Every structure is written in C-alpha cells, then in structure tokens.
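Structural overview
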Amino acid sequence: MYDIDNLRFVFFTHQHNIHLVELALKYFFEFNTFENIKISVISNTYSDYSTLPFQDKVEYLSGNVEFCSKGTHFSETLKRTLPHVKEDYIFTFCDDYFFIANTKFDELKKVMNLIVKEDIHYFSF
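Quick caveat, the model's predicted, so the values are computed rather than measured.

1. Overview of the overall build of the protein
Per the secondary structure count, the protein includes three helices and four strands. From first element to last, N terminus to C terminus, the protein shows the α and β order β-α-β-β-α-β-α. Compactness check: the protein gives a C-alpha radius of gyration of 15 Å against a globular reference of 14 Å for 125 residues, within 12% of the reference. Principal axes of the C-alpha set define a box for the protein whose edges measure 40 × 30 × 20 Å. By the burial criterion, 40% of the 125 residues in the protein qualify as buried. In the protein, 65% of the contacts between residues at least 6 apart in sequence involve partners at least 24 apart. Of the roughly 7,800 Å² of accessible surface on the protein, 51% is carried by carbon and sulfur atoms.

2. Regarding the sheet that holds strand β3 (residues 59-62)
One open sheet holds the four strands; their spatial order is β3-β2-β1-β4, and the pairing between them is parallel. On the outer flanks of this sheet lie β3 and β4 (89-94), each paired with one strand and no other. Strand-to-strand twist of the sheet, defined as the mean angle between neighbouring strand axes without regard to direction, takes the value 25°. Taken together, the four bridges between strand β1 (residues 7-12) and strand β2 (residues 39-43) define a ladder with parallel strand orientation. When the bridges of β2 are listed, F9 appears paired with I39.

3. Regarding the pattern of salt bridges
Using the criterion set out here, one finds six salt bridges in the structure. Across the salt bridge formed by E87 and R8, the nearest N and O atoms sit 2.7 Å from each other. In this pair, E87 is assigned in the loop between α2 (73-81) and β4 and R8 in strand β1, connecting sequence segments 79 residues apart. Neither E87 nor R8 differs from the other in exposure class; each is buried.

Calculation rules
- Residues numbered from 1 in each chain as written.
- Predicted model: local features only at pLDDT ≥ 70, side-chain atom pairs only at ≥ 80, totals over all residues.
- Heavy atoms only, no water.
- Helix = DSSP H or I, 4+ residues; strand = E, 2+ residues; numbered from the N terminus.
- Rg over C-alpha atoms; globule rule 2.2 N^0.38 Å.
- Buried < 20%, exposed > 50% of the residue type's maximum accessible area, 1.4 Å probe, protein only.
- Contact = heavy atoms within 4.5 Å.
- Areas by Shrake-Rupley, 256 points an atom, 1.4 Å probe, with all protein chains shown as cover.
- Pairing = 2+ DSSP bridges.
- Axes fitted to C-alpha atoms, helices over the stretch in contact; angles between N-to-C directions.
- Salt bridge = Lys/Arg side-chain N within 4 Å of Asp/Glu carboxyl O.

These values are about where atoms sit, not about what they do.
Here you go:
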C-alpha cells in the first residue's frame, strides 16, 4: 500500500488572499487529522511572514512575483516555488477550496497506489 510520506498538499494563493487561505486551512485541518500530512501554501509573495496562520503546520513558499490583477502571476509563481517541493506527488488546491468532510485516507492510498502503479503523471478529481 502506498505510503503518503511522498505526498504534499499544496494550496495556491496570492498576497491579497491570505485571509481566504487561512479559512481554507482551518477547514483542512478540521477534516484532516492524519499526523504526517505535509502542507505548503504557495503565494506570489507575502507581506508579513509573522502574521501567516498555522506556521507550526504549514510551509510557506513565495515566488517573489509581482501580483497581476489578470492572474499572470500564477504560472511564474508555480515555476519558482514547485522546485522547492521535494515530494514526488502533490495535490493542489486553490485558496477557495474548502473541505467539508473527513478525508478517507484509505481511499486516498488506493488512488495513490493506482497513480504509482500505472505511472500516471496527472490525475484530477
């Protein structure tokens, strides 16, 4: 059975939505109580690291990319930050994705087994 140690949950946000990702993380932690969950929040930049929520549970990565109201900062931010994620597999969420039920980790492990066994490079729910 696949070991989720090689899996990271990544939330994408931007400098103006830290309040939203804080809410998303609150619900994520409420419905995901598994001990060894690895979580990163990726943003174009952060104005004040000292105010970021859940610093004891979350790795914050900054792309040091200027915000663009048209969203062009998204791809450049990912290009600059994803190389810092060492796990082979990531589940990516936007900052407005909210968990509303417990994650079924046994089912998640089955999906991960399929992904690894079949050498799947992209999987989407």
